[in-house]
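Structural characterization, general
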Amino acid sequence: MTNVLFDAPGPVARRNSLIASIAGGIAILGGLVWIFFTLNAPRGDLPGYFDPSRWDVFADPTVWRYIFVAGVWGTLRAALTAAVFAVALGIVFSLLRSARTSWIRIPTAIVLEFVRGMPVLLMMLFILLVLNTGSFWAVVAALTLYNGALIGEALRAGLASLPKGQREAGLSLGMRPMQSKMLIEFPQAFRQMLPIIIAQLVVLLKDTSLGYIVGYVELLRVNMNQLASFYGNYYLFSFFIVTLVLYLAMNLSLSWIARWVSRRTASKTGRPTPNPDEENEELLKGIAKANAESRQTGQGSI
């Protein structure tokens, strides 16, 4: 109760907060108006970027059809395929990384550290040039390896954060250690870390734009390379704005799903809904606990 009283803002603090919010809103609005008029100003013989003549290309339904069929679907196809494989690989990594056998645990830790430290773009280029897989599978494989490693560590932290009584209850019922982990511990850890996993999938979706470098036909390549080259640089800014809006729509939709899942998970477990900072803090605590237990049992740390 004392903390609530001290944390509650008084009348002066509420008034100052309101004034700061209004001033910030006016400053942001003024900045947006300045940007609009600056971009809309004529540039020599060329009209401004928001002139209707720079946007008339979008009156053609063929342009929108190509953007969604080739661009948006290409991005979603790579993201969905990589997401499925990344979650599956993360489950495998979490089980191997938490194994009690050193000859399984230590090589897995080395592989995880290597994958997490390697840039995704270099992974795509390596897979494309060395394995000759094609641009689509180079993008999918690189995103699967990198995000699978992160999801695996998140799941391992979720396993480490569970009360020890969960494992002991399974063993007391006659289950083997692996049965207790798969049937009792792992489902709880997966549900606990599901908002963090979905948040990582947002990063995966954004990283599909790196496929532009390896020649994969996704939203960025379709709009900023193919269509911009076909219609000319006159429409380059227009295609950039459309690309930005579509990426924001996809990423914000997935972020909304992550928040919804977080609220659902919190309501089922009786915990308050955490914000992103609290989710990251919970993950760090789980990793720290996993490292502490690893040192006690002779395992390596994350």
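The name given to the chain in an unreviewed UniProt entry is ABC transporter permease subunit, with Agromyces kandeliae as the source organism. Its UniProt record gives the chain a comment under Sequence similarities (unreviewed entry), which states: "Belongs to the binding-protein-dependent transport system permease family."

Some words on the packing of helix α6 (residues 135-161) against helix α8 (residues 177-207)
In the contact formed by α6 and α8, the axes pass within 8 Å of each other and the chain directions differ by 150°. Our classification of the angle between α6 and α8 gives roughly antiparallel. Between α6 and α8 lies a crossing of right-handed hand. Side by side, α6 and α8 meet where Leu-143, Asn-147, Leu-150, Ile-151, Ala-154, Leu-155, Ala-157, Gly-158, Leu-159 and Ser-161 of the first sit next to Glu-185, Phe-186, Ala-189, Phe-190, Gln-192, Met-193, Ile-197, Gln-200, Leu-201, Leu-204 and Asp-207 of the second. Grouping the constituent residues of the contact of α6 with α8 by class yields 14 nonpolar, five polar and two charged.

What about the UniProt feature "transmembrane region" (unreviewed entry) in the chain?
Those places that UniProt annotates as "transmembrane region" (unreviewed entry) correspond, in this numbering, to residues 18-37, 63-96, 108-130, 136-155, 193-214 and 234-258. Segment residues 136-155 splits into 100% helix and 0% strand. End C-alpha atoms: 27 Å apart.

Here's the deal with the pattern of salt bridges
Evaluation of the coordinates by the stated rule reveals three salt bridges. Put simply, Arg-116 and Glu-113 hold a salt bridge, and the shortest N to O gap is 3.4 Å. Residue Arg-116 and its partner Glu-113 are both found in helix α4 (residues 102-117); the two are separated by three residues, about one turn of the helix. The partly exposed category is assigned to Arg-116, whose relative accessible area is 29%. Exposure remark for Glu-113: the relative accessible area of 39% places this residue in the partly exposed category. Ionic pairing is found between Arg-116 and Glu-153, a salt bridge with its closest N-O pair at 3.4 Å. Here Arg-116 is found in helix α4, whereas its partner Glu-153 is found in helix α6, with 37 residues between them in sequence. Connected through shared salt-bridge partners, Glu-113, Arg-116, Glu-153 and Arg-156 make up one network.

Analysis parameters
Residues numbered from 1 in each chain as written. Predicted model: local features only at pLDDT ≥ 70, side-chain atom pairs only at ≥ 80, totals over all residues. Heavy atoms only, no water. UniProt positions renumbered as here; feature names shortened; annotations may be inferred. Axes fitted to C-alpha atoms, helices over the stretch in contact; angles between N-to-C directions. Helix = DSSP H or I, 4+ residues; strand = E, 2+ residues; numbered from the N terminus. Parallel < 35°, antiparallel > 145°, perpendicular 65-115°, else oblique. Left-handed = near helix turned anticlockwise from the far one by under 90°. Contact = heavy atoms within 4.5 Å. Nonpolar A, V, L, I, M, F, W, Y, C, P; charged D, E, K, R; others polar. Salt bridge = Lys/Arg side-chain N within 4 Å of Asp/Glu carboxyl O. Buried < 20%, exposed > 50% of the residue type's maximum accessible area, 1.4 Å probe, protein only.

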